[in-house]
Amino acid sequence: MQLHLLKSKIHRARVTAANVNYEGSLTIDQDFMDQVGQLAYERILCGNMANGARFETYAIPGARGSRSIVLNGAVARLGKVGDRLTIMSYAVVSAREASRWQPRVIVLGPRNQVANTRGI
């Protein structure tokens, strides 16, 4: 049996910019992606804590240390600068792996500084 489990989560990421004229995706500071094990162009699910919008797109790396979270393309219409997002990715694992599975999580605080980590 194969199960879909949470692989990574960036929680309470504050949107730093939005660009509707981009072809799509979510730009994420490469440091954040590295911490949770997200890859460039990996499929992600996002939830906007400000308005309840949920959307699926892919991650693209932003400049290291920039703390950037940028809504690109159509998803720029689903949030605004200052909104907080939960950014998640999933993995397909065997039932055997699932019993000891632990996602990698960072929780961001003011100005997108890492406030807490789990599973890292």
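Above this text is the structure in question.
Residues numbered from 1 in each chain as written. Predicted model: local features only at pLDDT ≥ 70, side-chain atom pairs only at ≥ 80, totals over all residues. Heavy atoms only, no water.

Student: Explain the pairing of strand S1 (residues 2-14) residue by residue, including any values.
Tutor: Each regular strand carries side chains that alternate between the two faces of the sheet. Here S1 pairs with strand S7 (residues 84-94) via ten bridges, running antiparallel. In the sheet register, Ala-13 faces S7, and the bridge partner there is Leu-85. With four bridges connecting them, S1 and strand S8 (residues 104-108) associate as parallel partners. Each residue of the ladder has a partner; that of Ser-8, found in S8, is Arg-104. (Pairing = 2+ DSSP bridges. Helix = DSSP H or I, 4+ residues; strand = E, 2+ residues; numbered from the N terminus.)

Student: Describe the environment of Asp-29, listing the residues and the values that go with them.
Tutor: Topologically, Asp-29 is positioned in strand S3 (residues 25-29). Between the C-alpha atoms of Asp-29 and Tyr-41, which are twelve residues apart in sequence, the distance is 13 Å. When near neighbours in sequence (up to four residues on either side) are disregarded, Asp-29 contacts Gly-62, Ala-63, Arg-64, Gly-65, Ser-66, Arg-67 and Ser-68. A distance of 3.1 Å separates a polar atom in the side chain of Asp-29 from the backbone nitrogen of Gly-65. Looking at Asp-29, its side chain comes within polar contact range of the main-chain nitrogen of Ser-66, at 3.0 Å. (Contact = heavy atoms within 4.5 Å. Polar contact = N/O pair within 3.5 Å; in protein donor to acceptor, adjacent residues only side chain to side chain.)

Student: Provide a residue-level description of the pattern of salt bridges, including the pertinent values.
Tutor: Scanning the model with the defined rule gives five salt bridges in all. With a shortest N-O distance of 2.7 Å, Arg-64 and Asp-34 are connected by a salt bridge. Of this pair, Arg-64 sits in the loop between strand S5 (54-62) and strand S6 (69-72) while Asp-34 sits in helix H1 (residues 30-36), and the two are 30 residues apart along the sequence. Across the pair Asp-83 and Lys-80 runs a salt bridge, and its minimum N-O distance is 3.6 Å. (Salt bridge = Lys/Arg side-chain N within 4 Å of Asp/Glu carboxyl O.)

Student: Which residues make up the side chain of Glu-42, and what values go with them?
Tutor: Summarising the element assignment, Glu-42 is placed in the loop between H1 and strand S4 (43-48). Glu-42 sits in the buried class, given a relative accessible area of 13%. At 2.8 Å, the side chain of Glu-42 and the backbone nitrogen of Leu-39 are in polar contact. Beyond its immediate sequence surroundings of up to four residues, Glu-42 is in contact with Lys-7, Gly-37, Thr-57, Tyr-58, Ala-59 and Ser-89. (Buried < 20%, exposed > 50% of the residue type's maximum accessible area, 1.4 Å probe, protein only.)

Student: I'd like to hear about the nonpolar core, residue by residue, with values.
Tutor: Ranked by internal contacts, the top residues of the largest apolar core, which has 20 residues, are Ile-10, Leu-26, Ile-28, Ile-69, Leu-71 and Ile-87. Contributing elements (two or more residues each) for this core: S1, S3, H1, S4, S5, S6, S7 and S8. Top element by residues in this core is H1. It accounts for three residues. The contacts of Ile-87, once residues within four sequence positions are left out, are Ser-8, Lys-9, Ile-10, Ala-13, Leu-26, Ile-28, Gln-38, Ile-44, Leu-45, Cys-46 and Ile-69. (Core = buried A, V, L, I, M, F, W, Y, C linked by side-chain atoms within 4.5 Å.)

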